[in-house]
Amino acid sequence: MSAGIRVQGLEFAYPDGRVALRGVDLVVEAGERVAILGPNGAGKTTLALHLNGIYRPASGTVTIGGVPVTDGSLSEIRTMVGMVFQDASDQLFMTTVGEDVAFGPANLGLTGEELERRVEDALAAVGGSDLGARPAHHLSGGERRRAALATVLAMEPEVLVFDEPSSDLDGAGRRELVATLAPLSMTQIIITHDLPLALELCPRSVVMRDGRIVADWPTKRLLGDERLLSENRLELPFGFTLQPDR
């Protein structure tokens, strides 16, 4: 299953007074995969942390699958929206990967065969069926990234939010990441500075700057606009060229 996202008039400031979001409006349809791009400090992660209620807005609303994000709905929202953080180690703290993957569903009250199924299915979905008995600190960067994703998939979310999923991955790890994310059918938000990754995975991209959305276009069109990229401190890798449509 997947759920749509509706963000309207979202504004947020940190306790020190720094304004991070300035009236953000965003609609993501169920099953869509959208990249959020922009320079450091643009508000990308701050926006993402509103999607499951970690942050609460000064004004504006967030709705996931028709359910408003409110104090009373946080339990439901956090089951619907899974977040994979930039540092995979933040989500891996048990003795083995299998225990990490089981942690969330077990806290929902699942036990026995259903819990085992959740763990097995989540690890299989990330190509990590052999990781369950291993401690996370013995994994490569790519394996840790996949294990962290499995901890989220075990909750069977309807929305997945990734914060810089390809950071610190080598070429092989990055290819494994793409192969893992591409078949997933739930709604996906991918925050990234990796513009080729956005092109590979996301038909649509949003650019943020200074807490606002300044572009919301098809990814290939967006990456072909040199002025837009320059204005927002976005750069394609040296030698990378956009392939013409066939």
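Attention here is on the structure that accompanies the text. (Residues numbered from 1 in each chain as written. Predicted model: local features only at pLDDT ≥ 70, side-chain atom pairs only at ≥ 80, totals over all residues. Heavy atoms only, no water.)

1. So, the overall build of the chain
- The number of helices and strands found in the chain is 9 helices and 10 strands.
- Over its C-alpha trace the chain gives a radius of gyration of 18 Å, about what one expects of a compact globule, namely 18 Å for 246 residues.
- Residues classed as buried in the chain amount to 51% of the 246 residues present.
- Taking the contacts inside the chain whose residues are at least 6 apart along the sequence as the reference set, 64% of them involve residues at least 24 apart.
- A total accessible area of about 11900 Å² is found for the chain, and carbon and sulfur atoms account for 50% of it.
- Positive and negative side-chain charges of the chain, numbering 23 and 34 respectively, have mean locations separated by a distance of 6 Å. (Helix = DSSP H or I, 4+ residues; strand = E, 2+ residues; numbered from the N terminus. Rg over C-alpha atoms; globule rule 2.2 N^0.38 Å. Buried < 20%, exposed > 50% of the residue type's maximum accessible area, 1.4 Å probe, protein only. Contact = heavy atoms within 4.5 Å. Areas by Shrake-Rupley, 256 points an atom, 1.4 Å probe, with all protein chains shown as cover. Lys, Arg positive; Asp, Glu negative; His and termini not counted. Charge placed at Lys NZ, Arg CZ, Asp CG, Glu CD.)

2. Overview of helix 6 (residues 171-181)
- All buried positions along helix 6 are accounted for by Gly173, Leu177, Val178, Thr180 and Leu181. In an axial view of helix 6, the angular spread of the buried residues amounts to 160 degrees, which keeps them on one side of the axis. Opposite the buried face of helix 6, at more than 90 degrees from it, the exposed residues are Arg175 and Ala179.
- On its buried side, helix 6 packs onto strand 3 (33-37), helix 4 (112-125), helix 5 (141-153), strand 7 (159-163), strand 8 (187-191) and helix 7 (195-201). (Arc of directions from axis to C-beta.)

3. Concerning the packing of helix 3 (residues 97-107) against helix 5
- Close contact between helix 3 and helix 5 brings their axes to 7 Å; oriented N to C, the two are set at 30 degrees. As judged from the angle between their axes, helix 3 and helix 5 are roughly parallel. Relative to helix 5, the crossing made by helix 3 is right-handed. Residue-level contacts link Val97, Asp100 and Val101 of helix 3 to Ala147, Ala150 and Thr151 of helix 5.
- A breakdown of the residues in the contact of helix 3 with helix 5 according to their chemical character gives 4 nonpolar, 1 polar and 1 charged. (Axes fitted to C-alpha atoms, helices over the stretch in contact; angles between N-to-C directions. Parallel < 35°, antiparallel > 145°, perpendicular 65-115°, else oblique. Left-handed = near helix turned anticlockwise from the far one by under 90°. Nonpolar A, V, L, I, M, F, W, Y, C, P; charged D, E, K, R; others polar.)

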